[in-house]
Each structure stands twice: as structure tokens, then as C-alpha cells.
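Spelled out from the first residue to the last, the chains are:
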Amino acid sequence: MQRFLIERLALLLPNLLGISIIVFLLVRAIPGDPAVLMVGDLGTPEDIAYFRQQWGLDRPLVEQYLRFLSHVGRGDFGRSILTQSPVIHELVPRIQATVLLAATAIVIAITLGVLAGIAAALRPYSLVDHGTMILALTGVSTPIFWTGLVLMLIFSVRLQWLPPGGYGTPWHLLMPAFTLALFAAGVIARQARSSLLEVLGSDYVRTAKAKGLAERQVVSRHALRNALIPVITVAGLQFGQMLGGSILTETVFSWPGIGSYLIQGLLGRDYPAVQAAVLVGATWFALVNLLVDLLYGFIDPRIHYA
Amino acid sequence: MALFGPLVLDQDPTLTDLGARLQSPSTAHWFGTDELGRDLFARVVHGGRISLSIGLVSVSLGLLVGVPLGVIAAYYGGWTDKILMRVVDIMLSFPTILLAIVVVTVLGPSLYNAMVAIGIAQMPVYARIVRGVALSLREQEFIQAARALGASDARIVVRHLIPNCLPPLIVQSSLLTGAAIISAAYLGFLGLGAQPPSPEWGTMLSKGRLYLRSSPHVVLIPGAAIVLSVLSFNLLGDGLREALDPRLRGTLFRGRGVR
């Protein structure tokens, strides 16, 4: 178990290093010079040159990259070109905001998805089954920002129950979390239904039924546990992808998270900010995948990480 | 409808009529008008053409690059495989939309660049699928036999490997066409995709959201168009999966044939 963990963490490092190189190069390939943007139209060529020198933008790429790495190593991710303060100061509250949003969303998605999946699988090919599965497919087919806008229209504009955006109270969290959850809920419901159906058709479930256990017992004690393993994989993948979805959700609801930080950084050519945000996203994705692998061990005693 | 729309419709989707701004749906304007008095019905139909072409172009691009990469990785193995799959892994460790956003910012915001960006972002998925299938086929007897008969590498790949990869590729292409339409709408919504006055659905929504309070139809109608078109590609993908994968046959809609 420990060896497995160490091995996986060791694999993580070269992967993140690769990602950091790609991000570093991509960000610098974006047309538009941060020096020109920051100095403004009135700046003389000398001003621009001075700015570039101040921020080390005139150094060779390799040197810039190594400097970026050393800042990551020191844990401050460099200073933001837009706000001049260390990126880490802005990053931490934004990571907290996005984690809060995504964690709430995945809890909602798993609850809705698993319940819908069970309801559908218990009565396959019934009206309930077709109804929930069409709903699930619609959830998967709806653009996140549109869900957000429609919820906003209903609950903020018409009913005036919830604030249309912002951050701070649980009321602010409700709509963005549901918006972000809907896609994942659809994916999870589809997976839950198909894997539960498969398990319900297996021999050991028939045995359990044959020895006279109540349907409820068979499903909750025997079938669900095994059916949940692929569901966890899918939920984990969705949680990893939520950083992408949160870019849209945060834009619609002006949620001060990592997604809106990234867009702001991209538009302002704030190299250090973009690099940090993407790196955080990739680390998030990798850690979630690792966590999912570890969870298997708890759910399925057959899996051992020797 | 989206295919033949422009033949039937005589309204110009970019024609503005400031006297008729933000009108609700009526007989003159079936879907109402938008913030510049443009006919929303004409815009949604033209937007459908744009979204369909985004889906087709980005998926073809993803296939054109992804499939050869997957074949090369599986066929040659060794270091080629290791390096290619490392790159694919790294690309897959970004959420798709994040990758598309970064690529489109590099290329500059426009409809065509959005197609390219989405195609690039989807490429690793195809490479993965093809490599998986090709790896399992490589050692099978009919490939060995073809090689023994003196078939060239190119012939084996084109005549034997690719046809066997087709079923999963067709299913994925259908699902990813839907995904591409959504991604394009995301880019348009963030102002990184098609630029106004183009009637791309996401771009329309990014302008329309400002009028959510007064004229919700400007937001509701293009969004519903996205949902319907993506839903149909997803249904198609599900149906194809069921038809093409013998293991799944009959699990989705038992006894009703393929839809």
C-alpha cells in the first residue's frame, strides 16, 4: 500500500514537469506582449524595454523557465504581472472557492446520479427507467453556462429567491453548485444504471435472492457495493473535469475561483498567473485520480496494492 | 433544417433593425428578435449550420491526427509508443475545455481557430482508442498471415488495422461531435470562439445574457437549440454503440431494435 502510494507520487512528478513545460511554452506563444499591455499606448519603447527587463521577460526562455520552476519550488509561483503581488496570495483563496464549489457539486451529482441510476435499474425498461435516462442524457447534452442562465432566470429574476452571483453565503453556493453538478449527475446516473443492471443479473445476486433475502437487502447489501466500483471511477473522472466546468460556472455566477482567475490571467497575458492556475488544475486532476485508485481498495477487498 | 435553412429563409441573420429590438416571439419573428433587432429564427437556423460544421470539422481533424498517431504508437511500439503516449497522457490530464481555451488563445479568437482548438483537444481520445485496438490486433494470426504473405506495413495498417478500429471510432465520433458543439458554444460564450455578428449559438448567448432580465427568449432559444442538437448526437452515439458492440446489444432498448 505504502509502496504503491510512493510509486504513484513519484510518477506524478515527471508528469507535472512535462505539463509545466507545455504550459510555459503555450502561454508564451499567445500573441500579445504583457509589457506592451501593461505599459499602455503612451509608453515609449524605453518604458517597454525597462518593463521587460524588470520582469525578466528579456531573458532566454530556458532561464525564464528555470526561474519559474524555482518560484514553484519556493511555493510562491512568482509575482502576478497584473497585481504585482505573489501569485500564491491570490491563488489560495481562489483554490478554496473552487474546491468548495466542486466538492458541493460532486456530492450533489453523486447523490442525484446514484439515486436515479438505482431507480432506473430496479425497473429496467419501465417508464421510470426511460424517463430518468432521457433526463440524464439531457443533463449530459446541456451546456453548463446555459443551465446556469436558466437557473438564474428562474430563481433570481422570476422568484427572486437566490442571489444571481457572488460569493459568501450558502445561498450563493446553491445555484453554481447545481449548475456544475448537472453534467456529472447525468454521466454518473448512466454508469450507475448499467453497472447495477449487470450486477443484478449475476449469479451471486440470484443466490442471495434464492436464499430468501428481501429485495431491499439484496440490492443494498450485495449488489450496490460491487456496482459502485465503476461509478466511483466515473465520479472521480468527473470531479477531475470539474475544473474545466468551473471555468464556465464561475464566469456566469462571478464566483471568485481558479477558473475565473485563469480567464482573467489569459486575457491580461499574466504569464505567472496562468501557469500557476493550469498547474493547480493538472495537479488536482492527478491527485483525484490517485484518490480514486486508493478508494477502490476500501470498497473492493479483492484489490490490494502490494 | 439546418442544412436547407438558408434556401428557405430569405431573412439575413445579420440584418439589423434597431426599431424592432428584443421583441418577443410573434408571427412576424417566430423566435422574436435580439438586442440589435435581428430575426432570432434566422440566426438560430444559421447558427445550426455553423455548429454542425464545427462538429464535423473538429471531429475530422481529431480523427485525421489522432488515428495515425495511435496506429504509429501501437505498430512501432518501443520508444515511439512511450513518447507518444506520454504526450497523450499529458494532454488528457487537462480538462478538454481548458486545453481548447489555451490553444484558441494562442491561435487568436475566431470560429476557424475554435474548430482547430477543439480538434486538437479531442485528438488524444482517438489516439488512445486506436492504439488500444491496434495493440490487441497486432499479434493476431490474420495480421501475421498478411505479413507472411509479404504485405507492406502501410497495407496492413490501411486494410487490416483501421477497419477493425472503426466501430469504437464511429461511436466516439458521434459522441464527440456533440461534445465539440458544446465546446464551441463555451468558447463562443467566453468570447474566444466565433466573433459577433456571427450567429454562432454560444456567441449569441454571451451577448444575450445581458438581456436575461428583460428578454429571456434571447437566452432560452439558442440554448435550447444547443441542447437539442447535442442530445441528438448523443442519442445517435448510444444507438450506434448498441448496434456495433455485440456485448452491449440489447442492453439499452431491449427488444426495440436500434434507434
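Residues numbered from 1 in each chain as written. Chains lettered and ligands numbered in written order. Predicted model: local features only at pLDDT ≥ 70, side-chain atom pairs only at ≥ 80, totals over all residues. Heavy atoms only, no water.

1. Observations concerning the overall build of chain B
Step number 1: A tally of helices and strands in chain B yields nine helices and zero strands.
Step number 2: Listing the helices and strands of chain B from first to last along the sequence gives α-α-α-α-α-α-α-α-α.
Step number 3: Relative to its 259 residues, chain B shows a buried fraction of 53%.
Step number 4: Sequence-distant contacts in chain B: of pairs separated by 6 or more residues, those separated by 24 or more amount to 66%. (Helix = DSSP H or I, 4+ residues; strand = E, 2+ residues; numbered from the N terminus. Buried < 20%, exposed > 50% of the residue type's maximum accessible area, 1.4 Å probe, protein only. Contact = heavy atoms within 4.5 Å.)

2. With respect to the interface of chain A and chain B
Step number 1: Taken together, the 43 residues of chain A in the interface contact 41 residues of chain B.
Step number 2: Scanning the region where chain A abuts chain B turns up one salt bridge.
Step number 3: Here B:Asp238 makes a salt bridge to A:Arg190, at a shortest N to O gap of 2.9 Å.
Step number 4: Across the contact surface, chain A and chain B share three residue pairs in polar contact (both at pLDDT 80 or more).
Step number 5: When contributions to the side of chain A that touches chain B are tallied by element, the ones reaching two or more residues are helix 1 (2–29), helix 6 (127–141), helix 7 (144–158), helix 8 (170–200), helix 10 (215–252), helix 11 (258–267) and helix 12 (271–299) of chain A.
Step number 6: Examining the composition of the side of chain A that touches chain B, we find that nine residues originate from one element, helix 7 of chain A, more than from any other.
Step number 7: Residue composition of the side of chain A that touches chain B, by class: 29 nonpolar, 10 polar and four charged. (Salt bridge = Lys/Arg side-chain N within 4 Å of Asp/Glu carboxyl O. Polar contact = N/O pair within 3.5 Å; in protein donor to acceptor, adjacent residues only side chain to side chain. Nonpolar A, V, L, I, M, F, W, Y, C, P; charged D, E, K, R; others polar.)

3. A short note on the domain arrangement of chain A
All names here are of chain A.
Step number 1: Segmentation of chain A into domains returns domain 1 (2–73) and domain 2 (88–299).
Step number 2: Just the C-alpha atoms count here: the centres of domain 1 and domain 2 sit 32 Å apart.
Step number 3: Summed over both sides, the interface between domain 1 and domain 2 buries roughly 1700 Å², with carbon and sulfur atoms accounting for 78% of that surface.
Step number 4: Taken together, domain 1 and domain 2 are joined by zero residue pairs in polar contact (both at pLDDT 80 or more).
Step number 5: Contributions of two or more residues to the side of domain 1 that touches domain 2 are made by helix 1, helix 2 (34–39) and helix 4 (61–74).
Step number 6: Among the elements that make up the side of domain 1 that touches domain 2, the one with the highest residue count is helix 1 (12 residues). (Domains from an automatic or database assignment. Buried area = accessible area lost by both parts, 1.4 Å probe.)

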